[in-house]
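Understanding the architecture of this molecule
Below, each chain spelled out in residue letters.
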Amino acid sequence: MIYLIITTSLQNRYEFRLSQREKEYQTAIEQTLNHLPSVIQPIIVENNGSRETCLDHFYHHGRPVPVVYTDHNNRGYSCKGIVERMDLQVVIEQHKIQPDDMIVKLTGRYWATSPFFFEEVLKEEPQYDALVKFYGSHSLKFETFDCILGMYAIRAKFLLWWNPFQIEHHLSAEVAFARYIRMSGARLKEMDRLDLHCIFAEDGRTLDV
């Protein structure tokens, strides 16, 4: 089975008003779900504790999108990459995602601008364990050991084998993941494009990849 896990954090370390972030998530998630094929199961994860939020009201092909709440954002982890990886693990455990199931991970404030990447995952999933765009969001060019973490696909077992605390030993989560997946033994498809609109939280910069 193929899952889309949309990672969210309604409160983070950057100075955003909650209402602004809610609007950004609303817009981005709706855009993505409009492009998501019915055979892919979406799940939203949020990391500021169990409660009612604006994330509880999304539908995909007439079915409510399940939301998983964690408290990882309040545990003092050193970077958001670790928090995100821990959130993904909780979703895998709660929804009993199997080792060979494919996960598409999407940062919730980013959105798919077409069904392209989802269709590529559906087509290539039997032959590949991961589909990743190796690219520097700052250098704006191909990088062997940097990647776009905003959206990628990976078989669940390879995601769980990645030790998130390795991020602390690299320049960024993107570099840590790129190095891991290249050395993991996964059958890897390098993507030329994702059709993804990114909005970076730290400075509001946008990037289409």
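Structure shown above.
A brief look at the structure comes next. (Residues numbered from 1 in each chain as written. Predicted model: local features only at pLDDT ≥ 70, side-chain atom pairs only at ≥ 80, totals over all residues. Heavy atoms only, no water.)

Our focus in this paragraph is helix 2 (residues 80-94). Between its terminal C-alpha atoms helix 2 stretches 21 Å, which fits the 21 Å expected from 15 residues at 1.5 Å a residue. Here helix 2 lies mainly inside the structure; 11 of its 15 residues are buried. Inspection of helix 2 places Gly-81, Ile-82, Val-83, Glu-84, Arg-85, Met-86, Asp-87, Leu-88, Val-90, Val-91 and Ile-92 among the buried residues, and these make up the whole buried set. Just downstream of helix 2, Lys-96 is the residue with a positive phi angle, here 50°. (Helix = DSSP H or I, 4+ residues; strand = E, 2+ residues; numbered from the N terminus. Expected span 1.5 Å × (residues − 1). Buried < 20%, exposed > 50% of the residue type's maximum accessible area, 1.4 Å probe, protein only.)

Glancing now at the sheet that holds strand 7 (residues 111-112). Taken in spatial order, the three strands make up an open sheet running 7-11-12, and their pairing is antiparallel. Unpaired on one side and paired on the other, strand 7 and strand 12 (206-208) mark the two borders of the sheet. (Pairing = 2+ DSSP bridges.)

A few words on the pattern of salt bridges. Going through the model one piece at a time under the given rule, you end up with 12 salt bridges. Residue Lys-105 pairs with Glu-84 through a salt bridge whose shortest N-O separation is 3.2 Å. In this pair, Lys-105 is assigned in strand 6 (residues 102-107) and Glu-84 in helix 2, connecting sequence segments 21 residues apart. Residues Lys-105 and Glu-84 agree in their burial class; the two are buried. A salt bridge links Glu-190 to Arg-182; the shortest N-O distance between them is 2.9 Å. Taken together, the shared-partner salt bridges in this structure form one network comprising Glu-125, Asp-129, Arg-155 and Arg-187. (Salt bridge = Lys/Arg side-chain N within 4 Å of Asp/Glu carboxyl O.)

Here we take up the packing of aromatic side chains. Across all of its chains, the model carries seven aromatic pairs by this definition. Look at Tyr-110 and Phe-200: their rings are 6.1 Å apart centre to centre, the planes differ by 75°, and that puts the pair in the edge-to-face class. Taken together, the residues span a long stretch of sequence, with Tyr-110 in the loop between strand 6 and strand 7 and Phe-200 in the loop between strand 11 (196-199) and strand 12 at a distance of 90 residues. With a relative accessible area of 9%, Phe-200 lands in the buried category. Between Trp-162 and Tyr-180, the aromatic rings sit 6.2 Å apart at their centres with planes inclined by 20°, giving stacked as the arrangement. Separated by 18 residues along the polypeptide, Trp-162 in the loop between helix 4 (156-161) and helix 5 (173-183) and Tyr-180 in helix 5 bring together distant segments of the chain. A relative accessible area of 5% means that Trp-162 is categorised as buried. The ring of Phe-145 has Arg-179 lying over it, and the distance from NZ or CZ to the ring centre is 4.1 Å. We note Arg-182 situated over the ring of Phe-134; from NZ or CZ to the ring centre the distance is 3.7 Å. (Phe/Tyr/Trp six-rings, centres within 6.5 Å; stacked < 30°, edge-to-face > 60°. Lys NZ or Arg CZ within 6 Å of the ring centre and 35° of its normal.)

The phi torsion at Lys-96 lies on the positive side, around 50°, for a residue other than glycine. Along the chain, Lys-96 turns up in the loop between helix 2 and strand 6. With a phi angle near 55°, Asp-195 is a residue other than glycine that sits in the positive phi range. Secondary-structure assignment places Asp-195 in the loop between strand 10 (188-190) and strand 11.

Turning to the sheet that holds strand 6, a few remarks are in order. The strand order across the open sheet built from seven strands is 5-2-1-6-9-8-10, with neighbouring strands paired in mixed fashion. On the outer flanks of this sheet lie strand 5 (67-69) and strand 10, each paired with one strand and no other. Each strand of the sheet is rotated relative to its neighbour by a mean of 20°, with strand direction disregarded. Bridge analysis of strand 1 (residues 2-8) against strand 2 (residues 41-46) gives six bridges, and the strand direction is parallel. Along strand 2, the bridge assignment pairs Ile-5 with Ile-43. (Axes fitted to C-alpha atoms, helices over the stretch in contact; angles between N-to-C directions.)

Okay, the nonpolar core next. By size, the foremost hydrophobic cluster in this structure holds 36 residues, and its most contacted members are Leu-55, Val-104, Phe-117 and Leu-196. Broken down by secondary-structure element, the contributors of at least two residues to this core are strand 1, helix 1 (18-35), strand 6, helix 3 (116-124), strand 9 (151-155) and strand 11. Ranked by residues supplied to this core, first place goes to helix 3 with four residues. If we skip the residues at most four places from it in the chain, Phe-117 touches Val-104, Leu-131, Met-151, Tyr-152, Ala-153, Met-191 and Leu-194. (Core = buried A, V, L, I, M, F, W, Y, C linked by side-chain atoms within 4.5 Å. Contact = heavy atoms within 4.5 Å.)

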